[in-house]
Every structure is written in C-alpha cells, then in structure tokens.
Amino acid sequence: KNAQLNNLRFEMAQIQRDQRSRPDDLPQAIKAVLDDNALEMRYQPKVDLRSQRIKSVEALVRWPVDHAQVLATNLLIDVAEQYGLIEQLTMQVFNKVLQEVASWEKKGLHVVVWINLSARLLALPQLPKMLERCLNVWNMPASAIGLEVTESAFIHDIEHTTALLFELKRLGFRLSIDDFGTGYSSLAYLRRFPIDELKIDKLFVQGMSNSQQDKQIVQSIIDLAHNFSLSVVAEGVEHEETLNTLRQMGCDDIQGYYFAHPMRGEQLLGWCEEFHHR
Ligand code: C2E
Ligand code: CA
Ligand code: CA
Ligand code: CA
C-alpha cells in the first residue's frame, strides 16, 4: 500500500512538473530565473589552427542546472525573444561574461569572448549605449568582446542595421556573422557591413563527411571570407577527419566537441594551460 501511495505521489509530482513546463508558464519561469540573476554561462574555445592557440571563446547561456525544470538553450532564447525578455537576458549574459573576463585577466588568461546577439536586438536603438554601460561597470574595453549576429538580423531594416553595426564597430566590438549560409545570404552585406569573421554553421560542417555538396559550400565560404579579408571559423567539429579536411581547406579557427564541450568559466584557465602545453 505504501509503495502504491508513493508511486501515486511520484506521478502527481510528475504531472505537476509537466504542467508547470507548459508553454504559457515558460515566460513566467524565465522571468523568475532572470530576476534571480540565476542564468549560467558556459564557454567553448575557438582554436586557432595556425598557432594552435586559444585566442577566443564563445559564451553560451545555460538554464540553471539545479533548477527543477530543464530548458534547452534554443527554447530559452526563442521564448525570451517572443515575450520581451531578451533585453534583460542579454544584459545578464553581458554582465556575467564581463565579470568572468575580468577575473580571467587577473589570473593571466587573455581571451576575447564572443557573445551571441539575438537578431531582434539589432532593432533596438539603445543597444550600443546599453552595452557601453556594461563595459564601464566592469571597466573593460569593447575589444575584449566579439558579437555573433545571425544573418536574419540583416533582412529587416538594412539602413538601420547598417548604422547600428557601424556604431558597435566604432565602440570597438568585433563582429561575426553566425550560421553563415543558412539564412538569406546576400553577398552585398559582406561589402557593406564592418564585419571581422564568418562562422560556418555546423549543418554544413557535419554534412561534409557524406556530402560533396556541403564540402563545396564550406570551401566556398572559406574562400569568400578570405577574398573579403575576413577570418573564418567552423563550428560543430566533432571528428579528426573533419578537422583535417578543414585545415586543408584553409579554415582559420575551429570550434567543436572534438576540442572541447562548452565549459564553466572556472575550468577554462586550466583547460587552456593544458591545451597549450600538450
Ligand atoms: P549557435 O550560436 O549556433 O551555437 C552553436 C551550438 O552548437 C551551441 O548550442 C553549442 O553548444 C553547440 N555545439 C558546439 N560544439 C558542438 C559540436 O561539436 N557538435 C554539436 N552537435 N553541437 C555543438 P547551445 O549552447 O545549445 O546554443 C544554441 C543556440 O542558442 C546558439 O546557437 C545561439 O544561437 C543561442 N544562444 C546561446 N547562448 C546565447 C546567448 O547568450 N544569447 C543569445 N541571444 N543566444 C544564445
Ligand atoms: Ca554562435
Ligand atoms: Ca544559431
Ligand atoms: Ca550555428
């Protein structure tokens, strides 16, 4: 009888949990986590193939691990965008990253941190001011930060987006086009926007092992980047074979589980030291 009761209790709790994670409750749950300043960050190195050194890392946001609910990052970002929470989320990410960068610097680790910027935010005229204020709080230069922006950010208001990107560039941020090739690519903006880097989406990178077409797409993006004097990075590299192919193709930087999964800030210094001494 007791066991049955326990089972029942367990099932009830399960149902309650499922109900709590219904989409309408998600915005509330996200808001609560944001107000608690409880989001977590992970960092994934970008390996410079030529020098075999870690010059930068990408910051990836994570739902708190000890939270009852589990929420995938993609969903977190989607819902935050839909419910007007993306500004608060981005400010939290910025502050956490800058605090971490400042602590790494004290320990002698100098890396640029790339932060993902939601496409919607590029419509926000106050964005440069907001980011600038964060930098001032932590007394950090904008050159310590890169911004990864997806192509979809460019299709709305080209005039406005161009002005905003130039403003961010003027402040000293590096700029990268994320998921390059998956959106509404237009070669025009390679000329038009003050960008530093193209990032090849893992869709193409992982497709290379069994698709000649994906291989050609990757090679085209690498050549395109270099023709425009941009750096090019491949994400989602999981196998040595892919790494070797990308090296032959002339890719500059590599990111992926092959080298490292996204890790906590405390782990990064040790990981980099080990990587540089291997
Ligand atoms: P993304 O910017 O395209 O990031 C790459 C995703 O691939 C990340 O997923 C990363 O953890 C994962 N990844 C890295 N290496 C490998 C690999 O070798 N194999 C595979 N299969 N996956 C790999 P994650 O962390 O779940 O993030 C998903 C997306 O959420 C990101 O895609 C980005 O668009 C967005 N995102 C993450 N953090 C933030 C943030 O702080 N702000 C905003 N606005 N968006 C963010
Ligand atoms: Ca990214
Ligand atoms: Ca993406
Ligand atoms: Ca991607």
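Scroll up a little and you will see the structure.
Predicted, not measured: the structure shown is a model, and the values here were computed from it.

K.L.:
Got a minute to help me understand the coordination of the calcium ion (ligand 2) in this structure?
P.N.:
Where a metal carries four tetrahedral donors, each ideal angle is 109.5 degrees; where it carries six octahedral donors, the ideal angles are 90 or 180 degrees. Taken together, the protein donors to the calcium ion (ligand 2) comprise Glu 58 (OE), Asn 116 (OD1), Glu 148 (OE) and Asp 178 (OD), at separations of 2.1 to 2.4 Å. The sequence pattern formed by the donor residues of the calcium ion (ligand 2) is E-x57-N-x31-E-x29-D. Separating the calcium ion (ligand 2) from the calcium ion (ligand 3) is a gap of 5.8 Å. Here Asn 116, found in strand 3 (residues 112-117), pairs with Glu 148, found in strand 4 (residues 145-150); they are 32 residues apart in sequence, far enough to count as distant.

K.L.:
What is the right way to read the packing of aromatic side chains from this model?
P.N.:
When we look at a pair of aromatic rings, we describe it by the centre distance and by the angle of the planes. If you walk through the whole model with that rule in mind, you get 5 aromatic pairs. Centre to centre, the rings of Phe 94 and Phe 173 are 6.4 Å apart; their planes meet at 80°, and the pair counts as edge-to-face. Here Phe 94, found in helix 4 (residues 86-106), pairs with Phe 173, found in the loop between helix 6 (158-171) and strand 5 (174-180); they are 79 residues apart in sequence, far enough to count as distant. In this structure, Phe 94 and Phe 173 share a single accessibility class: buried. Relative to Phe 259, the ring of Tyr 258 lies with its centre 5.0 Å away and its plane at 75°, an arrangement referred to as edge-to-face. Using a relative accessible area of 32% as the deciding quantity, one classes Tyr 258 as partly exposed. Residue classification places Phe 259 among the buried residues on the basis of a relative accessible area of 13%. Each member of the aromatic cluster is reached from another via a ring pair, and the members are Tyr 258, Phe 259, Trp 271 and Phe 275.

K.L.:
Quick question: what am I supposed to make of the sheet that holds strand 4 here?
P.N.:
Across a sheet, paired strands are connected by hydrogen bonds in the backbone, their directions being either parallel or antiparallel. What the 8 strands build is a closed barrel, ordered 1-2-3-4-5-6-7-8; its pairing is mixed. Both strand 1 (residues 40-48) and strand 8 (residues 253-254) contribute to a ladder of 2 bridges, which runs antiparallel. Residue pairing in the sheet places Asp 48 in a bridge with Asp 253 of strand 8. Most of the contacts of helix 11 (residues 265-277) go to strand 2 (residues 53-62), to which it runs at about 155°, and overall it touches strand 1 and strand 2.

K.L.:
Got a minute to help me understand helix 9 (residues 212-227) in this structure?
P.N.:
In an α-helix, one turn spans 3.6 residues, which is why side chains three or four residues apart end up on the same side. An ideal rise of 1.5 Å per residue puts 22 Å on 16 residues; helix 9 measures up with 22 Å between its terminal C-alpha atoms. Within helix 9, burial applies to Asp 214, Val 218, Ile 221, Ile 222, Leu 224 and Ala 225. Projected onto a plane normal to the axis of helix 9, the buried residues spread over an arc of 165° and lie on a single side. Residues Gln 212, Gln 213 and Asn 227 are exposed on helix 9 and point more than 90 degrees away from its buried face.

Rules used throughout
- Residues numbered from 1 in each chain as written.
- Chains lettered and ligands numbered in written order.
- Predicted model: local features only at pLDDT ≥ 70, side-chain atom pairs only at ≥ 80, totals over all residues.
- Heavy atoms only, no water.
- Donors = N, O, S within 2.8 Å, 3.2 Å for Na, K, Ca; no water.
- Helix = DSSP H or I, 4+ residues; strand = E, 2+ residues; numbered from the N terminus.
- Phe/Tyr/Trp six-rings, centres within 6.5 Å; stacked < 30°, edge-to-face > 60°.
- Buried < 20%, exposed > 50% of the residue type's maximum accessible area, 1.4 Å probe, protein only.
- Pairing = 2+ DSSP bridges.
- Contact = heavy atoms within 4.5 Å.
- Axes fitted to C-alpha atoms, helices over the stretch in contact; angles between N-to-C directions.
- Expected span 1.5 Å × (residues − 1).
- Arc of directions from axis to C-beta.

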